[in-house]
Amino acid sequence: MKRDSSADDFFGDPSLPPRRLPLRRRRSSPLVSRLMGLETEYATIVIDPQSLEHQDLPASIFVYEQICEAIRRDQPTVKGLFDTEQMFLASGGAVSFESHPLMHDEPGGLIELATPEVRSPEELLACQRSIDQLVADATTDSETSFDLRVLKNSSDALGHVYGCQENYEAEVARGFWLFLYRIMMALLWCMQVISLATSLPLLWCMLTIGFVMKWRKEKRTSSTPLPTEIEVEGSWDDDEPHDVPIGRHDIEATFASVPSWLTNGFVGSLRLIHFPTVLVLRFVARHVAFRSQRKYLTAMLASRVAICGAGNLDYEGRFRLSAKAMAIDAVADMGGFRGEKPVFVFGHWLSQFCAKSFLSLSSTRQMFSRRQRLQIGLSDSNMSDQAEYVKFASVSLLLDMIEAGDVADLPVLRQTVSSIHRIASDWNLIYRVPTSRGELSALEIQRIYLTAAKRFVSETPATWAGESPTVIQRWESLIEAATVFRHSNQKQRNPESDEAIGRIDWVTKHWMISELGPDAQWSDKKKVDLRYHELSPDGYYSQLLHVRPEVILVDQEQVNLRRRCPPAASPAAMRGWMIREFAGSEEIIHAEWTHALIGRGRNRKRVTF
């Protein structure tokens, strides 16, 4: 890894005024060493010299299957435990298909790749770049007749928003709030049992109707007999995938045979059954879980788009710092039940108490732990190494501060959603938003957080500092670059000398679009907006790296290593080893983030990572 030498001289900065030390908990691990990971949704496009009609484009499920096949040729993989379309990798990450089942035959769809969970920001950057290269190579090597490319962006030409989500291990609550949290988890577990008991008869009824409708349809065209036996091994109340000798396509065909009005009624009934669970989950997410993190991180995440935003040109030709930020409509919510776009996402909890109920009740036990996964949805898909690194490394450092109780200097955002939109719509970086410390601009908010982080690190013994000096140095350099952009002559920018170009994505993209001239058409500008994120030698950011190779922070050797195996000091190390050992063997293995199951029936063994 390339290291910033200036970070080594950080401790003891005489420019920092003395301050009374806050009461802190004793540290048991270095700073910025919590478990963290990224999930990134990639869009695929077809590059063709001829104009293809919509019906000529490949189905999204076909594209996904071909890319998965190319990934399987690259490294060992196994199927997911709860999602048969999910695929876990020997590198410790995972691949999944983000598309509604009824849309599998339509073009589009998103391919999500998740990094392994790691404890080092440097390692996470290497892991992220490894999956970027993996999905790009798999798209190129996929055996299709189309010229497929993959985009690592946050919004398409139609305005659909997707992209990146960040995950951190953090304290869900303390004291009374932890007690209340566990009470609510017990209540949700009871509600999960009731929902499961109510939903199973509906599910079997739907399957029965589907098999009958499918059999009648096949009988009219052939003499196919009605299937009379479906073997299901195991029970609904264990952590085992159920061996059903019916393929995924058969199940989809069965549900597709049911009239649409009946399918809609079935889905509506399931939503109604789980609606009380969703209400309780929403209460926990908004009022009980991660209270301190939500209070003191929101202003940082809102203003972070000034240095880590990917930039976006909307359908009216307006340039925004972040499409993800403009889509935010809540601070904390499920992020999927009704299409919400919150800052803090609790969709994985919704999946645990609703979707996974059909496969495992016992896995809910992990929800009672004091440390849980904090998921952040206000996160852009970055091409720049420095913006990507600062994005998650600064949050990891601030989480250390919050858990240490050092929050006196941190601002609290007022009018949260409207303030996020106001900041993200201002590429001139001049708008100010209300906070607990008065009205501040995005860069002023960032400087307050940076100053507080500097104090925190300087008051931490060097033996516990970890990567924090590097985080501070890179974070500060991005703020300085954005400040220079704010005060510079934007009509006379030079990519070889401008510090922001190549380091801050939205500044780089804005410069590229500006180079088209004032008379450029929206379609030409949007092409730059999209192809900036193309993961191929033809991608516009990839071409810029030939001019500015110094903005690359991670060594290619480290990226190649992380493409094959996860870091040793990670729970993903055991998962990666098991996948390499058992993938392709006679033993059946299914993986999940926390454990794997090996073998069949009663001989299955559970291995916890």
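The model shown is predicted, which means the values in this text are computed figures rather than measured ones.

Undergrad: Teacher, can you tell me more about the overall build of the protein chain here?
TA: From N to C terminus, the protein chain includes 17 helices and 17 strands. Expressed as a percentage of the 609 residues in the protein chain, the buried residues total 54%. Surface exposure of the protein chain reaches about 27000 Å², of which carbon and sulfur atoms provide 55%.

Undergrad: Is there a simple way to think about the environment of C308 in this case?
TA: Mapped onto the fold, C308 is located in helix α6 (residues 291–308). On a C-alpha basis, the gap between C308 and V507 in space is 9.8 Å, while along the polypeptide they are 199 residues apart. With residues up to four places along the chain from it excluded, the contact list for C308 reads D380, N382, A387, V390 and K391.

Undergrad: It is not clear to me how helix α17 (residues 572–582) should be interpreted in this structure. Could you clarify?
TA: The periodicity of an α-helix, 3.6 residues per turn, causes residues three or four places apart in sequence to face the same way. Among the residues making up α17, those that are buried are A572, R575, G576, M578 and I579. Within α17, the buried residues cover an arc of 165 degrees as seen down the axis, which keeps them to one side. Taken together, the buried residues of α17 touch β2 (77–80), β3 (87–89), β15 (589–591), β16 (595–598) and β17 (605–608). Taken from the residues just after α17, G584 is the one with a positive phi, measuring 85 degrees.

Undergrad: What is the right way to read the confidence of the model for the protein chain from this model?
TA: Looking at the protein chain as a whole, the pLDDT averages 85, with 83% of positions reaching at least 70. In the predicted structure, residues 1–23 sits below a pLDDT of 50 and forms 47 contacts with residues beyond four places in sequence or in another chain. Across residues 226–249, where pLDDT falls below 50, the model places 58 contacts with residues more than four positions away in sequence or in other chains.

Undergrad: Teacher, can you tell me more about the packing of aromatic side chains here?
TA: Each pair of aromatic rings is reported with the distance of its centres and the angle of its planes. Counted under the stated rule, the structure contains 10 aromatic pairs. Summarising the aromatic geometry, the rings of Y532 and Y541 are spaced 5.5 Å apart at their centres and angled 65 degrees between planes, so their arrangement reads as edge-to-face. Accessibility expressed as a relative area gives 0% for Y532, which makes it buried. Among the aromatic residues, ring-to-ring pairing joins Y181, F290, F346 and W349 into one connected group. The ring of Y431 is capped by R422, whose NZ or CZ atom sits 4.3 Å from the centre of that ring. Over the ring of Y389 we find R474; its NZ or CZ atom is 4.4 Å from the centre of that ring.

Undergrad: What should I look at first to understand the nonpolar core in this one?
TA: Considering soluble globular proteins, one finds that nonpolar side chains tend to be buried as a cluster. Ranked by internal contacts, the top residues of the largest apolar core, which has 134 residues, are W349 and W475. Counting residues in each nonpolar core, the second largest holds 10 residues, with M578, I589, A591 and I598 among its members.

Undergrad: Sorry, what's going on with the packing of α6 against helix α9 (residues 385–403) here?
TA: The description of two helices packed together rests on the angle between their axes and the distance between the axes. As a packed pair, α6 and α9 sit with axes 11 Å apart at the nearest point and diverge in direction by 160 degrees. Between α6 and α9, the angle falls in the class roughly antiparallel. For the pair α6 and α9, the sense of crossing is right-handed. Judged by residue contacts, S292, Q293, Y296, L297, M300, L301, R304, I307 and C308 of α6 engage A387, V390, K391, S394, V395, L398, L399, I402 and E403 from α9. Across the contact of α6 with α9, the residue classes tally to 12 nonpolar, three polar and three charged.

Conventions used here
- Residues numbered from 1 in each chain as written.
- Predicted model: local features only at pLDDT ≥ 70, side-chain atom pairs only at ≥ 80, totals over all residues.
- Heavy atoms only, no water.
- Helix = DSSP H or I, 4+ residues; strand = E, 2+ residues; numbered from the N terminus.
- Buried < 20%, exposed > 50% of the residue type's maximum accessible area, 1.4 Å probe, protein only.
- Areas by Shrake-Rupley, 256 points an atom, 1.4 Å probe, with all protein chains shown as cover.
- Contact = heavy atoms within 4.5 Å.
- Arc of directions from axis to C-beta.
- pLDDT = per-residue confidence, 0-100.
- Phe/Tyr/Trp six-rings, centres within 6.5 Å; stacked < 30°, edge-to-face > 60°.
- Lys NZ or Arg CZ within 6 Å of the ring centre and 35° of its normal.
- Core = buried A, V, L, I, M, F, W, Y, C linked by side-chain atoms within 4.5 Å.
- Axes fitted to C-alpha atoms, helices over the stretch in contact; angles between N-to-C directions.
- Parallel < 35°, antiparallel > 145°, perpendicular 65-115°, else oblique.
- Left-handed = near helix turned anticlockwise from the far one by under 90°.
- Nonpolar A, V, L, I, M, F, W, Y, C, P; charged D, E, K, R; others polar.

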